[in-house]
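# Working through the structure, step by step
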Amino acid sequence: MSDRFVWSAVDDFITSSLARSDEALDAALADSAAAGLPAIQVSAAQGKLLHLLAKLAGARSILEVGTLGGYSTIWLARALPPGGRLVTLEIDPKHAAVATKNLERAGLGVVADVRVGKALDSLPKLDGPFDFVFIDADKGNNAAYFEWALRLARVGTAIVIDNVVRDGKVIDAASTDANVIGVRKLNERVATEARVSATTIQTVGHKGYDGFTFALVTS
Ligand code: SAH
Ligand code: DHB
Ligand code: MG
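Residues numbered from 1 in each chain as written. Chains lettered and ligands numbered in written order. Predicted model: local features only at pLDDT ≥ 70, side-chain atom pairs only at ≥ 80, totals over all residues. Heavy atoms only, no water.

The next subject is the site of ligand 1. Lining the immediate environment of ligand 1, one finds 22 residues, of which G66, S72, E90, H95 and D136 sit closest. Within the contact set of ligand 1, a nitrogen atom lies 2.8 Å away from a side-chain nitrogen or oxygen of S72. Between ligand 1 and the protein, one listed contact pairs a nitrogen atom with a backbone N or O atom of I91 at 3.1 Å. Listed by contribution, the elements that provide at least two residues to the shell around ligand 1 are α4 (71–77) and β2 (85–90). Within the shell around ligand 1, the residues separate by chemical class into 10 nonpolar, six polar and six charged. (Near = heavy atom within 4 Å. Polar contact = N/O pair within 3.5 Å; in protein donor to acceptor, adjacent residues only side chain to side chain. Helix = DSSP H or I, 4+ residues; strand = E, 2+ residues; numbered from the N terminus. Nonpolar A, V, L, I, M, F, W, Y, C, P; charged D, E, K, R; others polar.)

Each aromatic ring pair is summarised here by two numbers: the centre-to-centre distance and the angle between the ring planes. Evaluation of the coordinates by the stated rule reveals two aromatic pairs. For the pair Y71 and W75, a centre-to-centre distance of 6.4 Å together with 80 degrees between the ring planes defines the contact as edge-to-face. Taken together, the residues span about one helical turn, with Y71 and W75 both in helix α4 at a distance of four residues. Assessed through its relative accessible area of 5%, Y71 is described here as buried. (Phe/Tyr/Trp six-rings, centres within 6.5 Å; stacked < 30°, edge-to-face > 60°. Buried < 20%, exposed > 50% of the residue type's maximum accessible area, 1.4 Å probe, protein only.)

Our focus in this paragraph is the site of ligand 2. Neighbouring residues of ligand 2: I40, D136, K139, D162, N163 and K207. Between an oxygen atom of ligand 2 and a side-chain N or O atom of D136, the distance comes to 2.7 Å. Within the side chain of K139, one N or O atom sits 3.0 Å away from an oxygen atom of ligand 2. In the complex, 66% of the free accessible area of ligand 2, which totals 300 Å², lies under the protein chains. Class assignment of the residues belonging to the shell around ligand 2 gives a composition of one nonpolar, one polar and four charged. (Areas by Shrake-Rupley, 256 points an atom, 1.4 Å probe, with all protein chains shown as cover.)

Our focus in this paragraph is the pairing of strand β5 (residues 158–162). Burial of β5 is extensive: five of the five residues sit out of reach of the surface. Where burial is concerned, the two faces of β5 agree: the one with A158, V160 and D162 and the one with I159 and I161 are both buried. Note that strand β4 (residues 132–135) and β5 share four bridges and pair parallel. Counted as the bridge partner of V133 is I159 from β5. For the crossover from β4 across helix α7 (residues 142–151) to β5, the handedness is right-handed. Pairing analysis gives five bridges linking β5 to strand β7 (residues 208–217), with the strands arranged antiparallel. (Pairing = 2+ DSSP bridges. Right-handed = clockwise from strand over helix to strand, strands pointing away.)

Nothing here speaks to function; it is all geometry.
Here's what the structure looks like:
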């Protein structure tokens with residue numbers, strides 16, 4: 001039962017009932033695929049989770065690191081109240097262009113600000129505080145992005161990081177995979193940071209076996 005086929009079928013079941021797609025989300029996926037972007041965006045169920053978490057956090061300002069075609073961006077930006085804002089950072093101008101178009105079509109062109117460039121170059125130019133941060137870019141820089149998230153946070157800010165389990169490879173201390181090393185470094189950094197309370201939840205579904213780390217800034 002517990003194989004990838006079942007994970008995917010259950011993801012379909014969740015998506016068709018609770019985490020339903022719509023025209024703007026479907027079009028964002030279709031145009032991202034047509035433009036040749038890798039299909040590594042969050043699943044619909046995960047996008048809905050991000051949306052609900054941003055709502056739970058009462059987020060009026062959201063920071064995303066790693067835009068791709070703006071799929072997670074749409075889920076997140078839709079959690080904002082009127083007057084809310086979202087900044088999303090993307091290194092690849094082609095990804096950013098696809099995302100900008102997808103966000104405009106979703107009616108979020110004014111709310112979501114796509115900044116092109118290396119995230120580590122854009123982050124020092126941002127004005128906080130952000131109420132919610134989603135980190136989902138190059139995994140080797142995860143710890144640095146977490147550092148910036150803290151710097152741009154306030155007490156009560158929620159920080160969510162994607163792809164932190166990586167098929168279980170996260171527990172391999174001898175790994176030479178830059179992504180795994182990045183995730184392990186992040187984990188150590190979060191674990192030893194007194195200003196946050198955090199946990200990691202493992203996930204299965206369309207995207208296979210992975211996980212999210214959730215950190216709440218408490219002081
Ligand atoms: N959050 C998206 C998926 C992001 S995929 C979603 O779920 O829909 C990761 C993205 O991070 C890619 O588009 C990649 O180009 C971008 N990226 C990689 N390195 C980066 C860097 N140094 N700065 C900013 N973005 C980067
Ligand atoms: C992959 C998945 C992701 O969610 C991501 O942010 C980067 C890469 C992947 O499956 O390769
Ligand atoms: Mg990801």
